[in-house]
Amino acid sequence: MLRTPVSATRLDILEWLKDPVAHFPKRRHGDPVEDGVTADAVAARLGVPRKAAEVHLGLLAGLGMLRTKRIRRRVYYRRDDMRIAEVARMFEKGW
């Protein structure tokens with residue numbers, strides 16, 4: 001986890017996923033709160049290609065900050081607030 005560089009982009013993604021309904025358009029499939037949002041939606045919000053968004057999302061998912069769910073052919077990403085709180089506690093304790 002400590003080897004993954006912190007970036008404002010990844011922090012923005014985590015912030016947006018706190019309230020996905022306010023930050024991402026409604027999709028035909030998948031509930032943004034229950035299921036999460038796609039890499040396409042994150043890419044559109046960031047103004048970058050989907051592959052660039054997938055790199056950020058993959059790093060966050062690899063750290064356990066995001067959970068993934070496949071619906072049809074798409075992968076949806078949502079925050080794992082319990083894991084984020086656990087990491088925050090580790091840093092507060094001076095880990």
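A quick note: this is a predicted structure, and the numbers were derived from the prediction, not measured.

Chemist: Tell me about the overall build of the protein chain, residues and numbers included.
Modeler: Across its full length, the protein chain holds five helices and three strands. The C-alpha radius of gyration of the protein chain comes to 13 Å, within 12% of the 12 Å expected for a compact globule of 95 residues. Restricting to contacts in the protein chain with at least 6 residues of sequence separation, those with at least 24 account for 53%. For the protein chain, the exposed surface amounts to about 6,500 Å²; the carbon and sulfur share of it is 51%. The protein chain carries 20 positive and 12 negative side-chain charges, and their two centres are separated by 6 Å.

Chemist: Residues and numbers for the packing of helix α1 (residues 8-16) against helix α3 (residues 39-46), please.
Modeler: Interaxial distance between α1 and α3 falls to 12 Å at its minimum, and their mutual angle equals 120 degrees. The two elements α1 and α3 cross, and the hand of that crossing is right-handed. Between α1 and α3, the residues in contact are T9, I13 and W16 and V42, R45 and L46, respectively. Considered class by class, the residues forming the contact of α1 with α3 number four nonpolar, one polar and one charged.

Chemist: Talk me through the sheet that holds strand β1 (residues 37-38); I want residue IDs and the actual numbers.
Modeler: Ordered by their spatial adjacency, three strands build an open sheet running β1-β3-β2, and the pairing between neighbours is antiparallel. Across the chains shown, the open sheet's two edge strands, defined by having one partner strand only, are β1 and β2 (66-71). Note: β1 against strand β3 (residues 74-79), two bridges, orientation antiparallel. Across the sheet, residue T38 finds its bridge partner in β3, namely Y76.

Chemist: Describe the environment of H56, naming the residues involved and giving the relevant values.
Modeler: Examined against the element boundaries, H56 turns out to sit in helix α4 (residues 50-62). On the accessibility criterion, H56 (17% relative accessible area) is buried. Sequence-distant contacts of H56, that is, excluding residues within four places in its chain, are made with S7, T9, R10 and I13.

Chemist: Lay out the confidence of the model for the protein chain with the relevant residues and their values.
Modeler: Within the protein chain, residue pLDDT values average 88, and 93% of them lie at 70 or more. Within the protein chain, α3 carries the highest mean pLDDT (95), whereas helix α5 (residues 81-92) carries the lowest (85).

Chemist: Just give me the short version of the packing of aromatic side chains, but keep the residues and values in it.
Modeler: Going through the model one piece at a time under the given rule, you end up with one aromatic pair. Taking NZ or CZ as reference, R45 lies 4.6 Å from the ring centre of W16, over its face.

Chemist: Which residues make up the nonpolar core, and what values do they have?
Modeler: Ranked by size, the top nonpolar core spans 19 residues in total, and within it I13, F24, V42, L57, M65 and L66 carry the most contacts. Listing elements by their share of this core, those giving two or more residues are α1, α3, α4 and α5. The biggest single contributor to this core is α3, with four residues. With residues up to four places along the chain from it excluded, the contact list for I13 reads V42, L46, H56, L57 and L60.

The rules behind the values
Residues numbered from 1 in each chain as written. Predicted model: local features only at pLDDT ≥ 70, side-chain atom pairs only at ≥ 80, totals over all residues. Heavy atoms only, no water. Helix = DSSP H or I, 4+ residues; strand = E, 2+ residues; numbered from the N terminus. Rg over C-alpha atoms; globule rule 2.2 N^0.38 Å. Contact = heavy atoms within 4.5 Å. Areas by Shrake-Rupley, 256 points an atom, 1.4 Å probe, with all protein chains shown as cover. Lys, Arg positive; Asp, Glu negative; His and termini not counted. Charge placed at Lys NZ, Arg CZ, Asp CG, Glu CD. Axes fitted to C-alpha atoms, helices over the stretch in contact; angles between N-to-C directions. Left-handed = near helix turned anticlockwise from the far one by under 90°. Nonpolar A, V, L, I, M, F, W, Y, C, P; charged D, E, K, R; others polar. Pairing = 2+ DSSP bridges. Buried < 20%, exposed > 50% of the residue type's maximum accessible area, 1.4 Å probe, protein only. pLDDT = per-residue confidence, 0-100. Phe/Tyr/Trp six-rings, centres within 6.5 Å; stacked < 30°, edge-to-face > 60°. Lys NZ or Arg CZ within 6 Å of the ring centre and 35° of its normal. Core = buried A, V, L, I, M, F, W, Y, C linked by side-chain atoms within 4.5 Å.

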